[in-house]
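What follows is the residue order along each chain.
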Protein chains: 2
Amino acid sequence: MNVNEALEKLEQIELKIYANRHAMSLINYDAYTRAPKGSGDARGKTLSVLAEEGYKLMVNDALREVLGVLLENRDSLSEVDRRRAEVLFEDLEKMQRIPMEEVIAFQELTNKAQDVWHDAKVNNDYASFAPYIDKIVASLKRQSKYIDSDRDAYDVQLGEYEKGMDTKKLDAIFGEMKAGLRPLIEKVSSLPIRDDFLRRKCDIAKQRELSDRLMSLMGIDRNHCTIDETEHPFTDNFSKYDVRITTHYYDDAVASSLYSVVHEGGHALYELHTADELQYTCLASGTSMGVHESQSRFYENIIGRSRAFVSRLYPMLRELFPNEYSDVSEDELYRALNKAEPSLIRTEADELTYTMHIIIRYEIEKMLFSGEVTSANLPETWNRLYKEYLGIDVPDDKRGVLQDSHWSGGAMGYFPSYALGSAYGAQMLAAMQKDIDVFGSIKSGDFSKVNGWLENKIHRYGRMLDPTEVVPKACGSEFSPKYYIEYLSEKLKDVYGI
Amino acid sequence: MNVNEALEKLEQIELKIYANRHAMSLINYDAYTRAPKGSGDARGKTLSVLAEEGYKLMVNDALREVLGVLLENRDSLSEVDRRRAEVLFEDLEKMQRIPMEEVIAFQELTNKAQDVWHDAKVNNDYASFAPYIDKIVASLKRQSKYIDSDRDAYDVQLGEYEKGMDTKKLDAIFGEMKAGLRPLIEKVSSLPIRDDFLRRKCDIAKQRELSDRLMSLMGIDRNHCTIDETEHPFTDNFSKYDVRITTHYYDDAVASSLYSVVHEGGHALYELHTADELQYTCLASGTSMGVHESQSRFYENIIGRSRAFVSRLYPMLRELFPNEYSDVSEDELYRALNKAEPSLIRTEADELTYTMHIIIRYEIEKMLFSGEVTSANLPETWNRLYKEYLGIDVPDDKRGVLQDSHWSGGAMGYFPSYALGSAYGAQMLAAMQKDIDVFGSIKSGDFSKVNGWLENKIHRYGRMLDPTEVVPKACGSEFSPKYYIEYLSEKLKDVYGI
């Protein structure tokens, strides 16, 4: 087989891998959005078959041979093809270490666990979900061991979401963030900010219209991106040509949904702006969850909660909800949207306390993997840490340990991505401001400068660069959480006038 | 390989076939319901890969060997397993005659054609869709030739939707129907019936509530069946555990949507009531499109437009639309819903003239296959036949040749199923009335007797019986269109008092 033949075969194989993932992703997406409640078992059968096919598409001698030819001739390949071969080989090597039975069993387990979690959350019934926690931890520990038996099992999982990350680094990063943020939390928590109007009832049809306007303002191409409604907002992408975001509307919490739209819109922009030439290859999508969350949280908080953005948002709210916002000034809206206050729900948390929600989950995941915490003492551990880190009492598991979908979906080691993403985003802002007038352009309603900068420095690369490469390259400096702490200090000075 | 080993392998293979079809069906369903407009090319790539896999899952030596073992030992098999082996072998034999390239090319062609048709209909732009008509006819003629070169190409396609059906039989059946129905159409067309209130604006949120109530009245299990909104209503089923119906709401045509719900609900009940033991096998779904349409049209017209059903519907409309229906009596509603009048749109047509819409399409399909009609003279042929058979002028292609989705989806030979279904349904009613008090139970709001009769006589069999077996078996008599003509004559007497 010569290089051209190998490239041709690679294209065929990657197209099959793409099709398999498209089908599986859509079936999962459908499960969250449209599928009838009683369809779980039938869907589970399909997903098991497709998971097995997906495994076989990766782990086989034909692909190994193709990649062998390409890697032997790597110097003659284009930059993209070289990277494709390297990344796919790495994925293959990792996947083949996990026995197929484990992969399929995990697929079935998490498919079931998600259904159970969904009901458990609605019914505040932790007991029904508890057994799945232990099973998921046990499977992930086995998977980690298969992937790299020399490394700590939780470190392996962290690396799955953020290549190059481990507990040693995260302990240091989170230590610095805790030290920087806790005094701020203490300082501002007792200061009053008026935000009663954020709980006023707002018509949901109008909220849907607001979502459309925000997506339009953000420059999201609706020809390739839809919005749907789910219990828990998320973004899915089958290719850059087919991206889906979701949100959840509450009639008495308009900010909740609107910031979900801006957050998921940030994820969507990343996918929509990956390079065309990378589509249908292993390089097509965002490089890591941390970098992905840097985009979503950048748009949600750094842009979305800026005075510039609020100056665009304010007239929309006044127009769509004239009665509800008649007695609110733009400055009051800005301050309310940035009010920092310990709270129960991660996705509703303000920028300042959000990181504490993540650190709590990170500490718990470490303990789940060490065995110090199991399903039996998980809720009490959760509640204890919320008291310790945020000073609040958790009234029930629904608003406690059951609030997030990640664990039921089999994702442990994902949560730190959010905090990393926040920190990456602040560092990107510092770099971006050297090149363009970030908030001036947002204030004028022009997102193209910010979108363009991110597309050029981050989005277009897809998986061409690792997170440890793309962040420093974009920012022109090594990663450090100090930018985030500085950014937040400045922000809170402005919000609280301290 | 012994029989038990063969059965075990068969189960594995059929599970893969099920998974492949589930994935493809959902991707198509998603295309109609949720997918972003610009996702067609990316979806096409996935569907091509999956179509190729689907073909390979059927046409391969392993399955052939398994079926060989089972068919050699057919006497030792259970009734279900024997039928599974026979039906799957027949499917395989047919499929392997069509070269895979043709299957995939057709998949790509119709995927594209559906997107183009959708826009063409919205924009009343026949020219953009025209080339696809010729390509689809050409491919279907080639496919027919591959399947059976001795038979007429259109007959082969008819047999795909209704095993045992051909133009000779249909010419006779439609001849009898034309002869019986045309005098009726002439007789009642000029008689006035008040129906102005059916065009009154009705709030769409309330119409959605009406859909929920109707599905509940019909005894449709919402745990396994959802309702969605699409341009053109349809039913999809991935298994009996996951059925989807769709409708289209118009604010000035409440009857349009509500009868779509009842029609698609009939399809749904058929799938929901197939036997559990048939699931994930080739026997799982309805036996033919004709029998499927017999169920949908039975519920839509024979039940849905009966005095008994209208006595349930009337109070719902009065409650949901108090202003719009304040001056309407139950009798006026019944007569308006049964008003017979030549019209442009098949899906909106009354029971009496509906068959003419079908006969027009049947005549055109025959001419498309004979070459007498091509894309160049298709609209004029359509318009000429509407004038001839229904006496009406077609104002534009949007309400003419572009109104239906079938041809763009590659289905030619499907339309006769609707007329056959109507006729099957009337014959089933005659048999059912010997066993149960059909309209008495509907009037009391109890659908369980009718549903139970159909489940027992039709639904549960899935593909265990051919259409030529299940219809006479259920009805206790050979199929004849006379029941339909009699039923309609009686009905119109009641409606028009003639």
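Residues numbered from 1 in each chain as written. Chains lettered and ligands numbered in written order. Predicted model: local features only at pLDDT ≥ 70, side-chain atom pairs only at ≥ 80, totals over all residues. Heavy atoms only, no water.

Engineer: An account of the overall build of chain A is requested, with residue identities and associated values reported.
Structural biologist: Broken down by element type, chain A carries 20 helices and three strands. In terms of its C-alpha atoms, chain A occupies a principal-axis envelope of roughly 70 × 50 × 45 Å. Classification of the 498 residues of chain A by burial places 61% in the buried group. In chain A, once contacts between residues fewer than 6 apart in sequence are set aside, the share between residues at least 24 apart is 75%. Averaging the locations of the 62 positively and 83 negatively charged side chains of chain A gives two centres separated by 3 Å. (Helix = DSSP H or I, 4+ residues; strand = E, 2+ residues; numbered from the N terminus. Buried < 20%, exposed > 50% of the residue type's maximum accessible area, 1.4 Å probe, protein only. Contact = heavy atoms within 4.5 Å. Lys, Arg positive; Asp, Glu negative; His and termini not counted. Charge placed at Lys NZ, Arg CZ, Asp CG, Glu CD.)

Engineer: Can you explain the side chain of B:Ser260? Please cite residues and give values.
Structural biologist: Mapped onto the fold, B:Ser260 is located in helix α10 (residues 254-272). Beyond its immediate sequence surroundings of up to four residues, B:Ser260 is in contact with B:Pro233, B:Thr247 and B:Gly265.

Engineer: Explain the packing of aromatic side chains residue by residue, including any values.
Structural biologist: All names here are of chain A. Using the criterion set out here, one finds 43 aromatic pairs over all chains in the structure. Where Tyr18 meets Tyr280, the ring centres are 4.7 Å apart and the plane angle is 75°; that geometry is what we call edge-to-face. With Tyr18 in helix α1 (residues 3-33) and Tyr280 in the loop between α10 (254-272) and α11 (289-303), this pair connects stretches of sequence that are 262 residues apart. With a relative accessible area of 8%, Tyr18 lands in the buried category. Assessed through its relative accessible area of 16%, Tyr280 is described here as buried. Put simply, the rings of Tyr161, Tyr354, Trp382, Tyr386, Trp407, Tyr414, Phe415 and Tyr418 pair up and form one aromatic cluster. (Phe/Tyr/Trp six-rings, centres within 6.5 Å; stacked < 30°, edge-to-face > 60°.)

Engineer: Quick rundown of the domain arrangement of chain A? Include the residues and the values.
Structural biologist: Frequently, the measure chosen for interface size is the accessible area removed from exposure when the parts meet. Residue and element names in this part refer to chain A. Per the domain assignment, the segments of chain A are domain 1 (3-97) and domain 2 (167-496). Computed over C-alpha atoms only, the centres of domain 1 and domain 2 are separated by 30 Å. Listed by partner, the interface residues are 17 residues for domain 1 and 21 residues for domain 2. A combined buried area of about 1700 Å² lies between domain 1 and domain 2, and 61% of that area is made up of carbon and sulfur atoms. Our count for the domain 1 to domain 2 interface comes out at three salt bridges. At the surface where domain 1 touches domain 2, the tally comes to six residue pairs in polar contact (both at pLDDT 80 or more). Broken down by secondary-structure element, the contributors of at least two residues to the side of domain 1 that touches domain 2 are α1 and α4 (79-97). (Domains from an automatic or database assignment. Buried area = accessible area lost by both parts, 1.4 Å probe. Salt bridge = Lys/Arg side-chain N within 4 Å of Asp/Glu carboxyl O. Polar contact = N/O pair within 3.5 Å; in protein donor to acceptor, adjacent residues only side chain to side chain.)

Engineer: Hey, could you go over unusual backbone geometry for me, with residue numbers and the actual values?
Structural biologist: Despite not being glycine, A:Asn124 shows a phi value in the positive range, around 50°. The residue B:Tyr280 is not glycine, and still its phi comes out positive at about 65°.

Engineer: I'd like a description of the sheet that holds strand β1 (residues 225-229) of chain A, backed by residues and values.
Structural biologist: All names here are of chain A. Across the sheet, three strands lie side by side as β1-β3-β2; this open sheet has mixed pairing. Here the strands that pair on one side only, and so sit at the sheet edges, are β1 and β2 (235-239). The sheet shows a mean angle of 20° between the axes of neighbouring strands, direction not considered. Summarising the sheet, β1 and strand β3 (residues 242-247) pair through five bridges and their orientation is parallel. (Pairing = 2+ DSSP bridges. Axes fitted to C-alpha atoms, helices over the stretch in contact; angles between N-to-C directions.)

Engineer: Please provide a residue-by-residue account of helix α8 (residues 167-189) of chain B, values included.
Structural biologist: Residues and elements named next belong to chain B. Leu181 marks the point of greatest bend in α8, at about 25°, and the proline Pro183 comes within the next four residues. The secondary structure elements touched by the buried residues of α8 are α7 (153-161), α14 (351-370), α16 (416-435) and α20 (482-496). At the N-terminal end of α8, a side-chain oxygen is found 3.2 Å from the backbone nitrogen of Lys168, two or three residues along, and the residue is Asp166. (Bend = angle between axes of the 7 residues up to and from the residue.)

Engineer: How would you explain the side chain of A:Asn451 if you had to name every residue and give the values?
Structural biologist: Residue and element names in this part refer to chain A. Position of Asn451 relative to the elements: it lies in helix α18 (residues 448-457). Accessibility expressed as a relative area gives 7% for Asn451, which makes it buried. Look past the residues within four positions of Asn451 in its chain and what remains in contact with it is Met218, Gly219, Leu269, His273 and Tyr299.

Engineer: Kindly report on the packing of α14(B) against α20(B), identifying the contributing residues and their values.
Structural biologist: Residue and element names in this part refer to chain B. For the pair α14 and α20, the least separation of the axes is 10 Å and the interaxial angle reads 140°. The orientation of α14 relative to α20 falls into the category oblique. Taking contact as the criterion, the partners of Glu351, Leu352 and Thr355 in α14 are, on α20, Tyr484, Tyr487, Leu488, Lys491 and Leu492. (Parallel < 35°, antiparallel > 145°, perpendicular 65-115°, else oblique.)

Engineer: Can you break down helix α19 (residues 467-475) of chain B residue by residue, with the values?
Structural biologist: Residues that lie three or four places apart on an α-helix share one face, since the helix turns once every 3.6 residues. Turning to α19(B), its buried residues number three or more, namely B:Pro467, B:Val470, B:Val471, B:Pro472, B:Ala474 and B:Cys475. In this fold, the buried residues of α19(B) make contact with α11 (289-303), α16 and α18 (448-457) of chain B.

Engineer: Explain the environment of B:Ser422 residue by residue, including any values.
Structural biologist: Residue and element names in this part refer to chain B. Its location among the elements puts Ser422 in helix α16. Assessed through its relative accessible area of 4%, Ser422 is described here as buried. For the pair formed by Ser422 and Val49, sequence separation is 373 residues and the distance between their alpha carbons is 38 Å. Excluding residues within four positions of it along the chain, Ser422 makes contact with Arg297 and Tyr484. In terms of polar contacts, Ser422 uses its side chain to reach the side chain of Arg297, at 2.6 Å.

Engineer: With reference to specific residues and values, describe the interface of chain A and chain B.
Structural biologist: Facing 36 residues of chain A, the contacting portion of chain B comprises 36 residues. For the pairing of chain A and chain B, the buried interface totals around 2900 Å² over both sides, and the portion due to carbon and sulfur atoms is 63%. In this structure, the connection of chain A to chain B is made through four salt bridges. Note that B:Arg34 and A:Asp228 form a salt bridge whose closest N and O atoms lie 3.2 Å from each other.

Engineer: How would you summarise the environment of B:Met1 if you had to cite specific residues and measurements?
Structural biologist: On the secondary structure map, B:Met1 appears in the segment before α1 (3-33). Along the chain, B:Met1 and B:Leu70 lie 69 residues apart, while their C-alpha atoms are 9.8 Å from each other.

Engineer: Please set out the relation of the copies chain A and chain B residue by residue, giving values where relevant.
Structural biologist: Both copies of the chain are related by a screw-like operation: a rotation about an axis and a shift along it. Under the fitted operation, chain A is carried onto chain B by 0.0 Å of movement along the axis and a turn of 180°, and the coordinates agree to an RMSD of 0.0 Å. The superposition of one copy onto the other is thereby described by a two-fold rotation axis. Across chain A, the smallest distance between a C-alpha and the rotation axis is recorded for A:Ala23, namely 2.8 Å. In this assembly the copies share their binding face: 100% of the residues contributing to the interface of chain A also contribute to that of chain B. (Least-squares fit on C-alpha atoms with pLDDT ≥ 70 in both.)

Engineer: Let's hear about the packing of α1(A) against helix α2 (residues 40-58) of chain A: which residues, and what values?
Structural biologist: Residues and elements named next belong to chain A. At their nearest, the axes of α1 and α2 sit 10 Å apart, and the two run at 155° to each other. As far as their axial angle goes, α2 and α1 are roughly antiparallel. In the crossing of α1 with α2, the sense of the turn from one axis to the other is left-handed. Here Ile13, Lys16, Ile17, Asn20, Arg21, Ala23, Met24, Ile27, Asn28 and Ala31 of α1 lie close against α2, whose contacting residues are Arg43, Thr46, Leu47, Leu50, Ala51, Glu53, Gly54, Leu57 and Met58. Its residues placed into classes, the contact of α1 with α2 shows 11 nonpolar, four polar and four charged. (Left-handed = near helix turned anticlockwise from the far one by under 90°. Nonpolar A, V, L, I, M, F, W, Y, C, P; charged D, E, K, R; others polar.)

Engineer: Let's hear about the pattern of salt bridges: which residues, and what values?
Structural biologist: Tallying each qualifying case throughout the model produces 88 salt bridges over all chains. The shortest N-O distance in the salt bridge between A:Arg307 and A:Asp494 comes to 3.0 Å. Pair noted here: A:Arg307 is in helix α12 (residues 307-320) and A:Asp494 is in helix α20 (residues 482-496), with a separation of 187 residues, a long-range link. Judged by relative accessible area, A:Arg307 falls into the partly exposed class, the value being 36%. B:Glu93 is paired through a salt bridge with B:Arg97; the nearest N and O atoms lie 3.8 Å apart. One end of the pair is B:Glu93 and the other is B:Arg97, both in helix α4 (residues 79-97) and four residues apart, which spans about a single turn.

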